Amino acid sequence: LNKEPWVFNKEYCDIIRETIRQRYVMAPYIYTMARKGYDDGISLCRPMYYDYPENKEAYEFRNEYMFGDDVLVMPVTAPVENDYAQVRVWLPEGEWYEWHTGALLKGNQIVERSFAVDEYPIYIKAGAILPMYLDNVMNLNGNDEEVAVTVFPGGGDTAEFKLYEDNGNDKYYANEYARTRMYTERKENHLTVTVGPRQGKYRNMPTDRQFKIKVLGSAIPETITINGNKAEYEYIGDELALLITIPQTACDQEKTIEIQY
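Positions within a chain are numbered from 1, following the residues in the order the chain's sequence is written. Whole-chain, interface and lining totals are the exception, using all residues; otherwise, since this is a predicted model, local features are given only for residues with pLDDT of at least 70 and side-chain atom pairs are given and counted only at 80 or more. To obtain the side-chain values, all non-hydrogen atoms of the structure were used and water was disregarded.

Lay out the pairing of strand 4 (residues 85–91) in plain terms, naming residues and giving numbers.
One face of the sheet, then the other: side chains in a regular strand alternate in exactly this way. Between buried and exposed lies partly exposed: a residue is buried under 20% and exposed over 50% of the maximum accessible area for its type, with that area taken using a 1.4 Å probe on protein chains only. To qualify as a helix, a DSSP run of H or I must reach at least 4 residues; to qualify as a strand, a run of E must reach at least 2; elements of each kind are numbered from the N terminus. The buried fraction of strand 4 amounts to five of the seven residues, a majority that puts the element mostly inside the structure. Pairing of strand 4 with strand 7 (residues 109–115), which is carried by seven bridges, proceeds in the antiparallel orientation. The partner of L91 across the bridge, within strand 7, is Q109. Strands are labelled as partners when DSSP assigns at least two bridges between them.

Describe the environment of F161, naming the residues involved and giving the relevant values.
Among the structural elements, F161 can be located in strand 11 (residues 158–165). Between the C-alpha atom of F161 and that of N9, which follows or precedes it by 152 residues, the distance is 40 Å. Contacts are assigned to residue pairs with any non-hydrogen atoms lying within 4.5 Å of each other. If we ignore the near neighbours within four places in the chain, the residues touching F161 are Y29, T32, M33, D70, I129, P131, T180, R181 and M182.

Help me get a handle on helix 1 (residues 10–25), residues and values and all.
Here a helix's expected span is defined as the number of its residues, less one, multiplied by 1.5 Å. Taking 1.5 Å per residue as the helical rise, helix 1 with its 16 residues ought to reach 22 Å, and the 22 Å between its terminal C-alpha atoms agrees with that figure. When we look at burial in helix 1, the residues that qualify are C13, I15, Q22 and V25. Packing partners of the buried residues in helix 1 comprise helix 2 (27–40), strand 8 (122–125) and strand 9 (129–133). Residue N9 occupies the N-cap position of helix 1, its side-chain oxygen lying 3.2 Å from the main-chain nitrogen of E11. Within 3.5 Å is the distance limit for a polar contact, defined as a pair of N or O atoms, with the added protein rule that one can donate a hydrogen and the other accept it, and that residues adjacent in sequence qualify only through two side-chain atoms.

Encoded structure:
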């Protein structure tokens, strides 16, 4: 059985290609979680009872799994009827963003959702910060691509994520690597997103990197500043997302984005 995208008809070829592209987009998150697996011995893909051992649903929904710390996946194994498959998903406590629809769903319940063949049941924890590449990344040979710090609001007043990076192509990763702390703080109608200075060192490490801040489920803000200076933004209406471009600066400098609603 050949599995290359181009051996399928155009409809399925496009879907497979989009799925591969989505994995490229998530590469910074995946690579960070892979390092966590190396350090802690906890697999990138793991059963639900690793994270939620007290919940009986964690044992009953055997196909469902966590993909790193902040992403939940429920593979579609049901047949399609009228172009959609019906899937029952257990969402643990908290709130969860449905990747393909942007819907914010309450946790601690079982929901039944419908998915077309080009959609997939992927859920992100509210409050999570996921570093992602943008759509134009075609390969992972480089290590200086633009990173979109993607904020999924909710889940509490503060959140953080430590982006991991290394040379990506040698055996020195055990001791030569760097981390960048990203964190958010919400106080009423004020959101602060901070990209901290990079800590650590590895061979051929880029000195500068372009960052963007993407806040999902966002209203149109009143004002935005970057390190105290007024900043421009783009509002993506079909995603209800706020996109802020941070001027390219040295990775060892802290960048603080203040968003006033």
